[in-house]
Structures are given as structure tokens and as C-alpha cells.
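Below are the chains, spelled out letter by letter.
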Amino acid sequence: MNPLSTLLIVIAAGLLAGRVTLWGISLGTSSILFVALLAGHFGYTVPDGVGTLGLALFVFCVGISAGPTFFRGLASHGRTMATLGALIVSTGVAVTWVSAKLLDLPGEIAGGLMAGALTSTPALGAISESVEDAASVAVGFGVAYPIGIIAVVLFVQLAFKFLYSPDKDTSDATISATGALPRGIQRHAIEIANPGIVGRRPSEVEAFMASPCQISRVKSDGRWRPLPADYRFEIGSHLMLVGEADDLVRI
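Residues numbered from 1 in each chain as written. Predicted model: local features only at pLDDT ≥ 70, side-chain atom pairs only at ≥ 80, totals over all residues. Heavy atoms only, no water.

Before going further, it helps to spend a moment on the nonpolar core. Counting 13 residues, the largest nonpolar core has Ile192, Phe208, Ile215, Tyr231, Phe233, Leu239 and Leu241 as the members making the most contacts within it. Listing elements by their share of this core, those giving two or more residues are β2 (214–220) and β4 (238–244). Those residues within four positions of Phe233 in sequence are excluded, and the remaining contacts are Ile192, Ile197, Val198, Gly199, Arg200, Arg201, Pro202, Val205, Phe208, Ile215 and Leu239. The next biggest cluster of nonpolar side chains, apart from the first, holds nine residues, and it includes Met114, Leu124, Val137 and Tyr145. (Core = buried A, V, L, I, M, F, W, Y, C linked by side-chain atoms within 4.5 Å. Buried < 20%, exposed > 50% of the residue type's maximum accessible area, 1.4 Å probe, protein only. Helix = DSSP H or I, 4+ residues; strand = E, 2+ residues; numbered from the N terminus. Contact = heavy atoms within 4.5 Å.)

Here's what the structure looks like:
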């Protein structure tokens, strides 16, 4: 089969598989990875350079999506985020080093396993560029990445499903008679009723630009789903806000 056709079929099949929901859980776009692994197992290939292009697009999209709030978040929670990030990476490196020593794994395989377990595509690119046997790095990455993805997807969806019920926990009863929410980081469901913001993106509304609150979910077909990158406000749309109590009240 033509490599370009293989690429398009893998993407399409992965997107379709990601729409399948079992017990309220779906893999979303991560399903593309599993379809790609299956296709690779049967010897199908994609055009040369697609991996490099995909890595560049991935890093670019992460920057574009995180850019509007990156410096604001860095200023308010920079020390905590830097400490947590360093702890996560250091733990991954330590576990990988110990495992590689105990199991006598080659450095390339161990590096790929670490990048895959942490679901860090940029780490895959950096490790591949620094060793001669990049194929072994990709093998290790391919083995660990599905497990890392499944763990993250299951944790996020199950935690949100069982630890938090928007319809139950974010009723008007959570706001006291004084109009205040309990202090600390809160989640609160809101309904858009202001026609002045209809058709605009969150980044185009002053109230959201001036607030550290984040929109984490939008309700669609009875389910809370991640906010699409192209989302625009609509009358009656239900959104999930995350932020400090005082900021939520102002929003």
C-alpha cells in the first residue's frame, strides 16, 4: 500500500476508534497511536519525515494552546510548577536508571521506555538525536507509550467521573447568601446567558483574559468533554470553570 494512503487510513481509523465509548471511557485521539502500532506490526510504513513533522507540529500546538496563560501561570504558580516538573522528571529518570541496571537494558531502549512512560514526545526526539541507534529508542517508546497513555486517560476520566459530579456538586447551593464560594481552588459549572459574548472565544472576552480561571470542560451530548481549541461562546452552553473561589465569583 502507498505510504501516504497508509498514513491517512491510520489517522481516519484511529479517530473512528477514539469515538468508541465503553463504560463512559474513551481513548479519544490517542487511539491513533494504537492503530499505528497495529499497522506497523503488519509491516505498513508511512512517508519518510512524517515523524519529524509530527513532532514539530505537536510542540507547536502545545505552545499555541498554553501560550495565552503560560506567563500568567508562571508568575503566580511558577515555583510550584517548576518543583513538581523537576520531581516528575527526576523520578522518571531514577526509576529508568534502576530498572535498566537491574534488567541490563541498553541505554537506547531504556531512554525510549522513559520517554514513552512519561508520554513525552519531545524527549523521544531529543534522545533519538543523541544516539546512533534511534530505532531502538523508537522500540522502547512504542512499548511504554501505550501504557502511559492508557494510565493518563483512565486516571483523568475515572477521577473526574467518580470524584466529581458537576450536576450534584456545583449547584447554586454551593454559593452562600453572600455570593461567595468556599475558599481555595474550586470547580464550578456555569451556563452562558450573556448575549454580549456569543460567538467570541474565551481569549477574546475581557473577563476571562483578566482572570486566572480556566475553562476545563464543555458539556456536549450530556457529557463533560475537553474544551475544543475553536470553541466559541453560545447561549445555553454549559462550561466547567476551575480557579480560586474569589475569581470564580467575579466570572
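Counted by the stated rule, this structure contains two aromatic pairs. Summarising the aromatic geometry, the rings of Tyr231 and Phe233 are spaced 5.7 Å apart at their centres and angled 85° between planes, so their arrangement reads as edge-to-face. (Phe/Tyr/Trp six-rings, centres within 6.5 Å; stacked < 30°, edge-to-face > 60°.)

Its place among the elements puts Thr96 in helix α3 (residues 50–103). Given the relative accessible area of 18%, Thr96 is considered buried. When neighbours within four sequence positions are excluded, Thr96 is seen to be in contact with Ala110 and Met114.

A separate point is unusual backbone geometry. Located in the positive-phi region is Asp104, a residue other than glycine, with phi close to 55°. Given a relative accessible area of 66%, Asp104 falls into the exposed group. Of note in the backbone geometry, Asp221 takes a positive phi value of approximately 55° without being a glycine. Its location among the elements puts Asp221 in the loop between β2 and β3 (223–226). The class of Asp221 is exposed, set by a relative accessible area of 72%.

A word on the environment of Ser203. Within the secondary structure, Ser203 sits in the loop between β1 (185–191) and α8 (206–209). Overall, the relative accessible area of 46% leaves Ser203 in the partly exposed class. Taking the C-alpha atoms as reference, Ser203 lies 9.8 Å from Arg232; in sequence the two are 29 residues apart.

Applying the stated criterion across every chain, the model contains one salt bridge. Between Arg232 and Glu204 there is a salt bridge, and its shortest N-O distance comes to 3.9 Å. Residue Arg232 is located in the loop between β3 and β4, and its partner Glu204 is located in the loop between β1 and α8; the two are separated by 28 residues in the primary sequence. In this structure Glu204 comes out as partly exposed when scored by relative accessible area, which is 36%. (Salt bridge = Lys/Arg side-chain N within 4 Å of Asp/Glu carboxyl O.)

Summing up the model confidence of the protein chain, the mean pLDDT is 78 and the portion of residues at 70 or higher is 84%. Mean pLDDT per element in the protein chain: helix α7 (residues 166–169) is the minimum at 46, and helix α4 (residues 107–117) is the maximum at 88. (pLDDT = per-residue confidence, 0-100.)

Let us look at α4. Listing the buried residues of α4 in full gives Ala110, Gly111, Gly112, Met114, Ala115 and Gly116. Once α4 finishes, Thr119 follows within two positions and takes phi at roughly 50°, a positive value.

Below, the discussion takes up the pairing of β2. In the sheet, β2 pairs with β4 via four bridges, with the strands oriented antiparallel. Residue pairing in the sheet places Arg217 in a bridge with Met240 of β4. As judged from the four bridges shared by β2 and β3, these two strands associate in the antiparallel manner. Directly across from Val218, in β3, lies its bridge partner Arg225. Between β2 and the antiparallel strand that follows it, β3, lie two residues; Asp221 among them carries a positive phi value of about 55°. (Pairing = 2+ DSSP bridges.)

With antiparallel pairing, the four strands of this open sheet are ordered in space as β1-β4-β2-β3. Looking at which strands have only one partner, the edges of the open sheet turn out to be β1 and β3. Direction aside, the axes of adjacent strands within the sheet are offset by 30° on average. (Axes fitted to C-alpha atoms, helices over the stretch in contact; angles between N-to-C directions.)

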